[in-house]
Amino acid sequence: MTVRGAALAPDPASPTTAAASPSVSAIPEGSPTAMEQPVFLMTTAAQAISGFFVWTALLITCHQIYMHLRCYSCPNEQRYIVRILFIVPIYAFDSWLSLLFFTNDQYYVYFGTVRDCYEALVIYNFLSLCYEYLGGESSIMSEIRGKPIESSCMYGTCCLWGKTYSIGFLRFCKQATLQFCVVKPLMAVSTVVLQAFGKYRDGDFDVTSGYLYVTIIYNISVSLALYALFLFYFATRELLSPYSPVLKFFMVKSVIFLSFWQGMLLAILEKCGAIPKIHSARVSVGEGTVAAGYQDFIICVEMFFAALALRHAFTYKVYADKRLDAQVPTYGPYGRFCS
């Protein structure tokens, strides 16, 4: 019986057995196996799903931009609105291209630089639009000067108890917001330079990596700009009430500021192992690329919903209605003069 069992057992030393059942040690580490599955970001499904959301968002936003230009009854306001709306096509198409070139390691850094630079332009134009709505700095100050600042923990004004609105307060809000417009492009260019010298990878918090220092500077700049926008809205919310400011402020701040923290969270999750890295002989991507890829995919989807929200936040219908009003053709939708 023992002899029979031994006869049936395969001989591990025979060439036939070795070819049929290779040992684990015989397969080089990182080589593709029969069980290896492609990462979702590398599949056609990911590209198709993201492409659907991207091109739908492009159609929605481009139609809205076209309608604003067709109903160009108040250029002083609409030129800022059109520039703000362009954030959807730029964000969406840029992220989709980055996703298509996912396997080309580090390309996402260059695509992200385009987004970063346009973010700064959007913040500048949004603040300029708010000033245009209210008639400029002098008009705002004539309305709020000397009024006591309401203490509120929600708006971060609890430390301003007993103070009144002044020109210094208003200029702090403006300067603290616009510093982001300078820091963002500078950090974007620095990222490209650091990446070219191999000193930048998303999620690499090593002290010798540029990612740590870029993230710290970004966080300080973003937090200061967000706080300043909160203060500006808190001071002018009653003056801005005819312009439906809540959705406008929410959309601009969420698209720009929350996307930054979203990307940083994904980088941390990849660093902690929650997002699996790619170990394959077919493709080689560096640390942080997978998190950046998921960020691009999420942005592609988010831009569809952003396009719908921005369509309501910056509607062209009020300008179209005023354009059809032959009695006051030179006045904007809110009764303000538009040349």
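If you check an unreviewed UniProt entry, the protein appears there as Transmembrane protein 184B isoform X2 from Ceratotherium simum simum. You can read under Subcellular location (unreviewed entry) in the UniProt record for the protein the words "Membrane".

Participant: How do you make sense of the packing of helix H10 (residues 245-272) against helix H11 (residues 289-313) when you look at a structure like this?
Facilitator: Any two packed helices are characterised by the angle at which their axes cross and by the distance between the axes. Across the interface, H10 lies against H11 with an axial gap of 10 Å and an inter-helix angle of 170°. For the element pair H10 / H11, the angle class is roughly antiparallel. Crossing of H10 over H11 shows right-handed handedness. Of the residues that constitute the contact of H10 with H11, the class distribution is 15 nonpolar, six polar and three charged.

Participant: So what exactly am I meant to see when it comes to unusual backbone geometry here?
Facilitator: Note: most residues except glycine have negative phi, and most peptide bonds are trans. One non-glycine residue, Ser244, adopts positive backbone phi at about 50°. Position of Ser244 among the secondary structure elements: in the loop between helix H9 (210-240) and H10.

Participant: I keep staring at the packing of helix H5 (residues 87-100) against helix H6 (residues 107-134) and nothing clicks. Help me out?
Facilitator: Remark: H5 packs on H6, axes separated minimally by 9 Å, with the N-to-C direction vectors making an angle of 170°. As the angle between them shows, H5 and H6 are arranged roughly antiparallel. Mapping the contact onto sequence places Ile87, Ile90, Tyr91, Asp94, Ser95, Leu97 and Ser98 in H5 and Tyr108, Phe111, Gly112, Val114, Arg115, Tyr118, Glu119 and Val122 in H6. Taken together, the residues that form the contact of H5 with H6 break down as nine nonpolar, three polar and three charged.

Participant: Help me out: how do you make sense of the side chain of Asn125 in this one?
Facilitator: Along the polypeptide, Asn125 turns up in helix H6. Within the local environment of Asn125, its side chain forms a polar contact with the side chain of Arg83, the two groups lying 3.0 Å apart. Beyond its immediate sequence surroundings of up to four residues, Asn125 is in contact with Tyr80, Arg83 and Ile84.

Participant: Honestly, the UniProt feature "transmembrane region" (unreviewed entry) in the protein in this entry has me stumped. Any pointers?
Facilitator: The sites that UniProt annotates as "transmembrane region" (unreviewed entry) are residues 39-60, 80-102, 176-198, 210-234 and 246-269. For residues 210-234, the helix share is 100%, the strand share is 0%, and the end-to-end C-alpha distance is 36 Å. Strand forms 0% of residues 246-269 and helix 100%; the C-alpha atoms that close the span are 32 Å apart.

Participant: I would appreciate a short explanation of the nonpolar core in the present structure.
Facilitator: By size, the foremost hydrophobic cluster in this structure holds 90 residues, and its most contacted members are Ile87, Phe232, Phe257, Met303 and Phe314. The greatest single-element share of this core, amounting to 14 residues, is contributed by H11.

Participant: What should I look at first to understand a nonpolar patch on the surface in this one?
Facilitator: Judged by side-chain polarity, Leu100, Phe101, Tyr107 and Tyr110 come together as a nonpolar surface patch covering roughly 360 Å² of accessible area. Residue placement: Tyr110 occurs in helix H6.

Participant: What's the story with the side chain of Ser128 in this structure? I'm lost.
Facilitator: You can see Ser128 is positioned in helix H6. Of the polar contacts made by the side chain of Ser128, one reaches the backbone oxygen of Tyr124; its length is 2.9 Å.

Participant: Even after reading the chapter, I still don't get the pattern of salt bridges, so can you show me in this structure?
Facilitator: For side chains of opposite charge, pairing can occur when their charged atoms come near one another. Counted according to the given criterion, the structure contains six salt bridges. In this structure, Asp94 and Arg115 form a salt bridge, with 3.4 Å as the shortest nitrogen-oxygen distance. Highlighted residues: Asp94 in helix H5 and Arg115 in helix H6, separated in sequence by 21 residues. Exposure remark for Asp94: the relative accessible area of 7% places this residue in the buried category. Exposure remark for Arg115: the relative accessible area of 11% places this residue in the buried category. When the shortest N-O distance is used, the salt bridge between Glu137 and Arg171 registers 3.2 Å.

The rules we used
Residues numbered from 1 in each chain as written. Predicted model: local features only at pLDDT ≥ 70, side-chain atom pairs only at ≥ 80, totals over all residues. Heavy atoms only, no water. UniProt positions renumbered as here; feature names shortened; annotations may be inferred. Axes fitted to C-alpha atoms, helices over the stretch in contact; angles between N-to-C directions. Helix = DSSP H or I, 4+ residues; strand = E, 2+ residues; numbered from the N terminus. Parallel < 35°, antiparallel > 145°, perpendicular 65-115°, else oblique. Left-handed = near helix turned anticlockwise from the far one by under 90°. Nonpolar A, V, L, I, M, F, W, Y, C, P; charged D, E, K, R; others polar. Contact = heavy atoms within 4.5 Å. Polar contact = N/O pair within 3.5 Å; in protein donor to acceptor, adjacent residues only side chain to side chain. Core = buried A, V, L, I, M, F, W, Y, C linked by side-chain atoms within 4.5 Å. Buried < 20%, exposed > 50% of the residue type's maximum accessible area, 1.4 Å probe, protein only. Patch = residues over 30% accessible without salt bridge, like charges linked within 9 Å, V, L, I, M, F, W, Y side chains within 5 Å. Areas by Shrake-Rupley, 256 points an atom, 1.4 Å probe, with all protein chains shown as cover. Salt bridge = Lys/Arg side-chain N within 4 Å of Asp/Glu carboxyl O.

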